[in-house]
Amino acid sequence: MEFGSVVRVMNHELLATCNALGYLEGDTYQKEPDALETVKDLIRFLRREDDTVEIRRQLGNAQILQNDLIYLLKQFHKETELFETCTRLLVNLTQPAELCFDNKVPTDKTTRNYYLEVLSHLQAYKQAFADEELMVVLAKKLKKLLDMEWESRREDHTILMERILLLVRNVLHVPADPTQEKRTDDDASVHDQVLWALNVSGMDKLILYVASSEEEQQWCMHAIEITSLMLREQTPEQLAKAGITRASSEKQKDEQELEMARQREIAEKKARVLKGSGRHSRFGGTFYVKNFKSISERDVIYHQAPQKAKHISFDREKNPKKRAKNRMPMKDTSLTRRSTLSIRLFLREFCELFLDNCYNPLMHAVKDHILHQKAQENDDTYYLWAMRFFMEFSRHYHFRVDVISETFSVQAFYYVQVNLIKYMDMMVTDKKESAVWSKRMHYALKAYRELLATLETMTRSKDSKIRESARVTQSNIFYVIEYKELFVMLLKKFDDVRCTKSFLIDLIETTHIFLKMLENYCNGKNKILVQKKGKKKKKRRRRNQGANQQPPQGPSEEELNDGWDHVTSDLSAMLQGREDIPENVVPFDAASEQPVEEQRADAMVRIQRGLHNGQAGDAIALLRAAREVWPDGDIFGASDVSPEDEFMALREIHFTNLNVAPPPMEEPEMDMEEDEEDEMAEMERDVRGEEEFNFKGYILKFGHPDVIRCYVSALQTYRTNKVFTNHCAVKMLHRISFDQGDAPLLYQLSLFRVFQNLLNDPVSKLAQYKELTKFAKFVVGKFFEAATKNKKMFVEILFWKSRQDLYELEEGYGSVRPDVKMGHHWNEEEVDELKQLHAEHKDKLDPDAEEDIVDKIMEHILDDTRTRKQIINQLVELGLAESVADFKRKKPGWRTNLWREEQELELKILYDRYKDSDDPLGDIVENMSSKRTKVKVSDKLLSLGVVEERSQLYKKRRKKEGSGEGKRRKRKNYDDEEDEDEENEDDRDFIERGGEEEEDRDFAAEDDSDDSRGNANSEPEAEESESSDQDGEEGGDDMDMSLISVVAKLTKKGFGEQIKWIQGGLRSTANDREADGDDQAIPLVPLTEENENAMSNKLFKKFLKKVGLAPPSSHEEMFWRIPGTLDPQELRSAADSIEQTKEQKLEVAAEREKKKMENPRYLS
């Protein structure tokens, strides 16, 4: 070897070791007798290297791999031990550079230089592996191992197979250096040379065999990774069309592209000529430009030639604002090129064989590895890449659905979409690795695009069965709401700091394909039903058990013995390894609000229940998982416990009384006594319904400013974009501005700058920019038409606008759309008030308090008709909150199930302290250290024998002076109110509220008496929800008010639209009865949330009674009804009686304005 200057800087021990390998004489390598031990010494050196990777860098500088190791492999491959050891060393030397630096690219200067040095050595190694003789040796070794029967393979054979595959993977993984290679298209790069060596040696056929064989599925991840690295610089379309005789249409297309390039060059040359004048200017020097003011009041002074006066710009010498290094746009590092024809033909044949023989079985095996967590974290990107590449290759080559059936289904759409959303969430949360997650998200988006493109190709197939299959798939995709919301969400959350420009272009093109296919699907269909998602609140009533009912008992001793005999055989078989034990058992939930100690106790209870239910496998798996989570104290056994001790531990758990009641059984609701206490549990859950799909309404979602900003960003590079990309962007903006009539959304300066550059560009007259130029003139023309009506439109182009701003731009500031409800619209003053209230109270909240910032805003906001939902939605729209989920009310989600000894002692002490109070159970629950429901506390007191009957815990009712039916009604209404609020408020606080509550109860009693006189069969009204009580609480004199006064009061509270709804229902019912003569009662079904809120308001119910409507007469009825006893004339008279006069409307507006002026926030 000749080390040159390297000898002076190499470690002397390492130098001596390298010299002991051997030397090259001509084409023959002469190895030293102890070459094997020398190679092992080099492996030991690499094992001891530090963070500076000095050993690896010195070996690279000495070119040990090129001058020694490769020759040892080629000429001494029959020496098995030497070959295996050299292969092991080569795998170590060729591993990716990132693995040497904690799997990331270093950022500091010194370490990054080390990284670049290692990378340069790897690129030199890759050049050395472009050796056909070396690849033949590796291919023969691998083939010999693959030919062996599975039973004949030893462990060292398996290890050698894996190392050969890893060596090929490492060599292909080395990135290219275009600046160093300086290769053009249709030229053989270093990567192409390695691929050709693989082809000549037959290694590519062995990779195909590994990918297709069921016996070699353990190497499926290596096979798909090597395949992806082989094809990473190619495009499927180029490979599919390689070597095929070009049709006349393709030749014509190439000629058109060449002609367009020629016309672009001519246009640019002509523009340069027109900039100058053909004759010499007689007016040299300096001159004024008329009607062009400088920074003073005088005309600007111009120092250039007069021919350039039309293009005066003050931006010529300005420096653009610098962006921080961590805010720079992400650059795309992917590389695609066109290889030589021979390489492309070889790769096309490889892809064809892969599709026919390997694709379906390999993709099935890879997905199985990913789902069962047998692969590494980033291996799913290879699955997504293979899905995109080979489905696109099949689409361009000879489209066949059967060869890609494994990855084309509704489940494939779902899998890709879930991963796409997961990668997007991880990109936002894991900021240090955001570039990695962004790249994976791009892979998922490309796979999703290819699924859509394949589906669109199937719709144009000549085979009717394929078209029918595509139609069924389309119906399933377009039905689910998540698939339609995906693109809007991705466009809104696009960030050029985390995502590349190529990702944005692919996203825009994918959105275009989806919308075009959806539009074609909707055409010709009268009605399309799609999924609708909403929230539904459900009330669930749980009643306490009777006072004489005994607490639940556990299994008897005889039952325990029988259960143990039943489960013993299964336990023995599993502990001895004769049967499988379930996996993925989780005893601990880090996201749970339940304390760790209680989760540990719950795990013990789950183990016991598993044994009692005969689920031996679950009990063993949970015991072992809990032992790993809680190793301290050996509560679940020691870490090195023997199977016999584990068996005895399970027996002890089975027979131990853990003082836990069995799971509650579902029982039908029964009518209980009046004094028994109820618990109301309110749940919110997602509900799925159906609605008729409106394509134009769906396009409205793309009118968001963040979405339009993405399309404007894509058009800024219109010259370098593909024609299809510009078409996709223009088509979306055309849908928004022309089809939807929302052209003012595009009145934005950044878009106008794009149009200005385009119209001043000489290439704007070319055919490929004709569509974009025509659209630019349309939008600019619309803008100047609007500017004649609104002179402030020139200022509005500085801001992005939403659809709510469009009406004000056209009709004047402060005006509201006729179809927009006043209760939902927020004018500029109300928005400023909301922002001010949010700023005042966001830092003053107590984290332990039940009230949140929305409650504080509702207390101080000027318009008291605003609901909680309206305020939350407006906060989210203003960007003061991320989502509606941030404002969910805290619910008492007590999960404490087990009673520890100290908690039982605390319960006894509290009972002795409060047993003589007015509300012993309420006082006990309030003062307990660990919060539990009243039902669980009363059950525990009964099981401990502290009380004999549940009635000992009831509240002590105090008799009030006076008697009579009215007082009894007050007492009944008081009890109902008390039961309704017992979970949310203390009962004593309820009593202390005093006069206001008393007036409500008097009114309710008077109301009940009216009902009893008017309708003998009527039942008391359903309990009001908490929000309804807050919104609808009124004084006790409402029934003495006239109907017009009640209508005016409701109108002030924002129920004007609901009054019109009742009025319209009365008149339509009158017309129906007059036409049909039907006297059946008509229910009033609230279809909107606003109508539903009104129907639960107390004052609105009083209004309904005054109109003459009937409340639900039994528990089987849910809605108010228009009685069948009212004839059409009475119905029309009732509808006319609630019509509000113009004077009353003005009175309401004046009172609201007066209240606004009295608010201290507006006095300044």
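*Asks:* What am I meant to see in the pattern of salt bridges here?
*Replies:* When charged atoms on two side chains of opposite charge get close, those side chains can pair. With the rule as written, the count across this model stands at 37 salt bridges. Of the charged contacts in the structure, one is a salt bridge between Lys 241 and Glu 237, with a shortest N-O distance of 3.1 Å. Overall, Lys 241 belongs to the partly exposed group, its relative accessible area being 39%. Between Asp 368 and Lys 374 there is a salt bridge, with its nearest N and O atoms 3.8 Å apart. Here the residues in one salt-bridge network are Arg 449, Asp 506, Glu 509 and Lys 722, joined through shared partners.

*Asks:* What is the right way to read unusual backbone geometry from this model?
*Replies:* The phi torsion of most residues other than glycine is negative, and most of the peptide bonds are trans. Even without being glycine, Gln 63 reaches a positive phi, approximately 55°. Of note, Gln 63 is situated in the loop between helix H4 (54-61) and helix H5 (64-75). On the accessibility criterion, Gln 63 (39% relative accessible area) is partly exposed. A positive phi angle, near 60°, is found at Asp 102, a position not held by glycine. Residue placement: Asp 102 occurs in the loop between helix H6 (80-93) and helix H7 (109-128). The exposure class assigned to Asp 102 is exposed, which follows from its relative accessible area of 66%.

*Asks:* Looking at this structure, I do not really get the side chain of Asp 506. What am I missing?
*Replies:* Mapped onto the secondary structure, Asp 506 falls in helix H22 (residues 501-522). For Asp 506, a relative accessible area of 14% puts it in the buried group. Among the polar contacts listed, one links the side chain of Asp 506 to the side chain of His 442, at a separation of 2.6 Å. Apart from residues no more than four positions distant in its own chain, Asp 506 is found in contact with His 442, Leu 445, Lys 446 and Arg 449.

*Asks:* Whenever I open this one, a nonpolar patch on the surface confuses me. Can you help?
*Replies:* On the surface, a nonpolar cluster with roughly 370 Å² of combined accessible area is contributed by Leu 749, Val 795, Leu 798 and Phe 799. Summarising the element assignment, Val 795 is placed in helix H32 (residues 793-796).

*Asks:* Explanation requested: the packing of helix H25 (residues 616-629) against helix H26 (residues 643-655) in the structure shown.
*Replies:* With their axes 12 Å apart at the nearest point, H25 and H26 run at an angle of 105° to one another. Overall, the two elements H25 and H26 adopt an arrangement that is roughly perpendicular. Seen from H25, the contacting residues are Ile 620, Leu 623, Arg 624 and Arg 627; seen from H26, they are Glu 646, Leu 650 and Ile 653. Classifying every residue of the contact of H25 with H26 gives 4 nonpolar, no polar and 3 charged.

*Asks:* Could you clarify how one ought to interpret the side chain of Gln 1063 in this entry?
*Replies:* Note on placement: Gln 1063 falls in helix H45 (residues 1056-1076). With near-sequence residues (within four places) excluded, Gln 1063 lies in contact with Ala 1135, Ile 1138 and Glu 1139.

*Asks:* Would you take a moment to explain the pairing of strand E4 (residues 299-302) for this structure?
*Replies:* Regular strands have side chains that alternate between both faces of the sheet. Pairing between strand E3 (residues 287-293) and E4: 4 bridges, direction antiparallel. When the bridges of E4 are listed, Phe 287 appears paired with Tyr 302. Adjacent in sequence and paired antiparallel, E3 and E4 are bridged by 5 residues.

*Asks:* Whenever I open this one, H4 confuses me. Can you help?
*Replies:* The α-helix winds at 3.6 residues per turn, so residues separated by three or four positions along the chain end up facing the same way. By the criterion of burial, H4 is predominantly enclosed, with 6 of the 8 residues buried. Among the residues of H4, Ile 55, Arg 56, Arg 57, Gln 58, Leu 59 and Gly 60 are the ones counted as buried. In the stretch just after H4, Gln 63 is the one whose phi turns positive, near 55°.

*Asks:* Sorry, what's going on with a negative patch on the surface here?
*Replies:* A cluster of acidic residues, Asp 50, Asp 51, Glu 54 and Asp 102, forms a negative patch at the surface. You can see Asp 51 is positioned in the loop between helix H3 (35-47) and H4.

*Asks:* In this structure, what is going on with helix H31 (residues 770-789)? I would like to understand it.
*Replies:* Its 20 residues place the ends of H31 30 Å apart at the C-alpha level, agreeing with the 28 Å of an ideal helix rising 1.5 Å per residue. Within H31, the full set of buried residues consists of Leu 772, Thr 773, Phe 775, Ala 776, Val 779, Phe 783, Ala 786 and Ala 787. Projected down its long axis, H31 carries its buried residues within an arc of 165°, all on one side. Seen from the buried face of H31, the exposed residues on the opposite side, beyond 90 degrees, are Lys 770, Lys 774, Lys 777, Glu 785, Thr 788 and Lys 789.

Cut-off values and rules
- Residues numbered from 1 in each chain as written.
- Predicted model: local features only at pLDDT ≥ 70, side-chain atom pairs only at ≥ 80, totals over all residues.
- Heavy atoms only, no water.
- Salt bridge = Lys/Arg side-chain N within 4 Å of Asp/Glu carboxyl O.
- Buried < 20%, exposed > 50% of the residue type's maximum accessible area, 1.4 Å probe, protein only.
- Helix = DSSP H or I, 4+ residues; strand = E, 2+ residues; numbered from the N terminus.
- Polar contact = N/O pair within 3.5 Å; in protein donor to acceptor, adjacent residues only side chain to side chain.
- Contact = heavy atoms within 4.5 Å.
- Patch = residues over 30% accessible without salt bridge, like charges linked within 9 Å, V, L, I, M, F, W, Y side chains within 5 Å.
- Areas by Shrake-Rupley, 256 points an atom, 1.4 Å probe, with all protein chains shown as cover.
- Axes fitted to C-alpha atoms, helices over the stretch in contact; angles between N-to-C directions.
- Parallel < 35°, antiparallel > 145°, perpendicular 65-115°, else oblique.
- Nonpolar A, V, L, I, M, F, W, Y, C, P; charged D, E, K, R; others polar.
- Pairing = 2+ DSSP bridges.
- Lys, Arg positive; Asp, Glu negative; His and termini not counted.
- Charge placed at Lys NZ, Arg CZ, Asp CG, Glu CD.
- Expected span 1.5 Å × (residues − 1).
- Arc of directions from axis to C-beta.

Honestly, it's all geometry; don't read function into it.
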